[in-house]
Amino acid sequence: MRINEWCTYIAEWREKRGFITNKDNMLGKLMLVVTECAEAAEDVRGCNWEHFPEEIADTCIRLFDIAGSLGFDLEAAIAVKMGKNELCPLPRR
């Protein structure tokens, strides 16, 4: 599946379970993304590299749900942002 297909699939999966993702509860949904990142950080701190990919996947699932629920093209947004990032100068070493 492509990224946008995952976004739609995850949003539909979440909706079937009766959970809501919309602009009204977006701050809470974003904090769930932060929580998943914090859990990944705990895996790094504890050198739990076997569990780390699961927390990164959880983070992506939360973000994909947001994109799918709000109906924006995440693939295009990533492409545009990476285009901007590529124009940034490299840091000095």
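Keep in mind it's a predicted model, so treat the numbers as computed, not measured.

Caption draft 1: How the structure looks around the packing of helix α1 (residues 3–16) against helix α4 (residues 74–87). Packing of α1 against α4 leaves a shortest axis separation of 7 Å and a crossing angle of 135°. Compared by their axis directions, α1 and α4 come out oblique. Contacts between α1 and α4 involve Ile3, Asn4 and Cys7 from the first element and Leu74, Glu75 and Ile78 from the second.

Caption draft 2: Up close: the pattern of salt bridges. One pass over the full model with this rule turns up 4 salt bridges. A salt bridge links Glu75 to Arg2; the nearest nitrogen and oxygen atoms lie 2.5 Å apart. Residue Glu75 is located in helix α4, and its partner Arg2 is located in the segment before α1; the two are separated by 73 residues in the primary sequence. Close ionic contact of Glu36 with Arg62 constitutes a salt bridge, the shortest N to O distance being 3.7 Å. With Glu36 in helix α2 (residues 26–45) and Arg62 in helix α3 (residues 52–70), this pair connects stretches of sequence that are 26 residues apart. Accessibility expressed as a relative area gives 9% for Glu36, which makes it buried.

Scoring rules and cut-offs
- Residues numbered from 1 in each chain as written.
- Predicted model: local features only at pLDDT ≥ 70, side-chain atom pairs only at ≥ 80, totals over all residues.
- Heavy atoms only, no water.
- Axes fitted to C-alpha atoms, helices over the stretch in contact; angles between N-to-C directions.
- Helix = DSSP H or I, 4+ residues; strand = E, 2+ residues; numbered from the N terminus.
- Parallel < 35°, antiparallel > 145°, perpendicular 65-115°, else oblique.
- Contact = heavy atoms within 4.5 Å.
- Salt bridge = Lys/Arg side-chain N within 4 Å of Asp/Glu carboxyl O.
- Buried < 20%, exposed > 50% of the residue type's maximum accessible area, 1.4 Å probe, protein only.

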